[in-house]
Amino acid sequence: MELLLKNRGAVLLLMLNIFLVFTGIGLVIPIMPTYMDELHLNGSIMGLLVAAFSLTQLIFSPLAGRLSDSLGRKKMIVAGMVIFTVSELLFGVVSSPVLLFASRMLGGIGAALIMPSIMAYIADVTTTEERAKGMGFINAAITTGFIIGPGIGGYIAEFGIRAPFYAAAAVGAVAAVVTLFILPESKPVEPPVKAEAAPAQKQSFMAQMLSSFREPYFISLIIVFVMSFGLANYETVFGLFVDHKFGFTPKDIAFIITFGSISGAVVQVTIFGWILNRFGERTVISVCLAMAGLFVLLTLFVHQYWMIVVVTFIVFLSIDILRPAIGTQMSKMANEHQGYVAGLNSAYTSLGNITGPIVAGVLFDRNLNFPYVSAALILFLCFALSLRAGRRGSEPGIS
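Residues numbered from 1 in each chain as written. Predicted model: local features only at pLDDT ≥ 70, side-chain atom pairs only at ≥ 80, totals over all residues. Heavy atoms only, no water.

The protein goes by MFS transporter in an unreviewed UniProt entry, where it is assigned to Paenibacillus chitinolyticus. If you open the UniProt record of the protein and go to Subcellular location (unreviewed entry), you find "Cell membrane". Comment text from UniProt for the protein, heading Sequence similarities (unreviewed entry), reads "Belongs to the major facilitator superfamily. TCR/Tet family." (UniProt positions renumbered as here; feature names shortened; annotations may be inferred.)

Caption draft 1: Inspection of the overall build of the protein at higher detail. Secondary structure assignment for the protein yields 16 helices and 0 strands. By residue count, 55% of the 399 residues in the protein fall in the buried class. Sequence separation of 24 or more characterises 87% of the internal contacts of the protein that already satisfy a separation of 6 or more. Counting every atom, the protein has about 17,100 Å² of accessible surface; 71% of that belongs to carbon and sulfur. (Helix = DSSP H or I, 4+ residues; strand = E, 2+ residues; numbered from the N terminus. Buried < 20%, exposed > 50% of the residue type's maximum accessible area, 1.4 Å probe, protein only. Contact = heavy atoms within 4.5 Å. Areas by Shrake-Rupley, 256 points an atom, 1.4 Å probe, with all protein chains shown as cover.)

Caption draft 2: Geometry of the packing of aromatic side chains. Within the structure shown, the criterion is met by 3 aromatic pairs. Ring centres of Trp 274 and Phe 279 lie 6.1 Å apart, and the angle between their planes is 90°; on these two criteria the pair is classed as edge-to-face. With a relative accessible area of 54%, Trp 274 lands in the exposed category. Its relative accessible area of 44% is what places Phe 279 among the partly exposed residues. Just above the ring of Phe 279 sits the side chain of Arg 278; from NZ or CZ to the centre is 5.1 Å. (Phe/Tyr/Trp six-rings, centres within 6.5 Å; stacked < 30°, edge-to-face > 60°. Lys NZ or Arg CZ within 6 Å of the ring centre and 35° of its normal.)

Caption draft 3: Structural context of helix 12 (residues 272-279). Taken together, the buried positions of helix 12 are occupied by Phe 272, Gly 273, Ile 275 and Leu 276. Looking straight down helix 12, one finds that the buried residues subtend no more than 160° of arc, so they occupy a single side. Counted as exposed and oriented over 90 degrees from the buried face of helix 12: Trp 274, Asn 277 and Arg 278. Among the residues trailing helix 12, Gly 280 stands out with phi positive, at a value near 90°. (Arc of directions from axis to C-beta.)

Caption draft 4: Spatial organisation of the environment of Leu 276. Here Leu 276 lies in helix 12. Take Leu 276: its relative accessible area is 3%, and that puts it in the buried class. Placed 45 residues apart in sequence, Leu 276 and Ile 321 show a C-alpha to C-alpha distance of 9.1 Å. Once residues lying within four places of it in the same chain are set aside, the contact partners of Leu 276 are Ala 132, Glu 281, Val 284, Ala 325 and Thr 328.

Caption draft 5: Structural context of the environment of Val 302. Mapping Val 302 onto the fold places it in the loop between helix 13 (281-298) and helix 14 (305-334). Classification of Val 302 as buried rests on a relative accessible area of 7%. Not counting the four nearest positions on each side in its chain, Val 302 is found in contact with Phe 246, Met 307, Ile 308 and Val 311.

Caption draft 6: Quick look at the side chain of Thr 312. If you trace the backbone, Thr 312 turns up in helix 14. Contact partners of Thr 312, with chain neighbours within four places excluded, come to Tyr 234, Phe 238 and Ile 256.

Caption draft 7: Geometry of the nonpolar core. Membership of the largest hydrophobic core comes to 58 residues, with the highest contact counts inside it found for Tyr 217, Ile 223, Val 296, Leu 322, Ile 326 and Tyr 372. Within the residue set of this core, elements represented by two or more residues are helix 10 (218-246), helix 11 (250-270), helix 12, helix 13, helix 14, helix 15 (338-366) and helix 16 (370-390). Ranked by residue count, the leading element in this core is helix 14, at 14 residues. Ignoring anything within four residues of it in the chain, the contact list for Val 296 reads Tyr 234, Val 315, Tyr 372, Ala 375, Ala 376 and Leu 379. If you look at the next biggest cluster of nonpolar residues, it comprises 31 residues, including Ala 10, Leu 13, Leu 20 and Ile 114. (Core = buried A, V, L, I, M, F, W, Y, C linked by side-chain atoms within 4.5 Å.)

What follows is the structure, encoded as structure tokens:
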């Protein structure tokens, strides 16, 4: 615990950076309908705008992870914050759909540079026992950014429809400058010395993705994808689902999502480290997958408001515990390639975030229950996969 306390200033700054990025992502949610009207865009274009961010994050995350290992965490974090600032400013200034796409794609690149570098930084400055707590802090900042981003965007928009993006750009610029001058580098920049590390470091993005199935942490990457797919699938149609089935108001929906997300964030910064140290990554991951699948399925059978609140709370809580548990597990297997593995983690997350909403939308058009049935089935299959992996024996560094 002493090492984490010693680096608490750095951890707080990293939490601020990742919080700003994910708050910036959420800012666009309440603004999109007005943008559609002002710029005469259809729903398909707006959907592609959302996907563009995750797509570029997916493509650039493995490269960013490698650069983080070779050039240092701090440089990548500062570069990512600068790109994030430019993307937010551009989105606020332009009116052309092409430039809006450019803005969202730049934002994805910025997130790709920031996320794996921050995860790797946490791994650098924590011991094995402290790592779960450090990962919990970072994921809590991500979750909180997602929670309050839309609310902040809606409030600032009272001063002008583009004001939220100008505000995000200004705060991002300040954070980049503060990070540049205050954040210490966590890892000395050294040329690679191990011959066996060279092939992975020279792989292209597609080669990394195709060869990742041979890595000892591949099952963890599959769980990352399934988790992101399931959560994106669940959240994408949640509002439509409860509106069609129960007639819930936007206020009802906002309360349910916010309550579940905040509760998960509280767990991450309080008892998550104890949970992981007490039960181990494998057990926690398997239980969370089973609980998430079960309660996604139960969403189809509950009818009262308070029951919807409870079911949704457990789904969010399971995912919020699952996410840092997987990150901790993979960081223990990464050895000297923390940035590289964190980059793959981010890439598989983005892949789930791209495919989840697309599949959910298609299935919802056919039957409003289908998205949750498919998400539950995939989570249960992944649960079975995690149990099978657990029976193979103990890999080095895995609890």
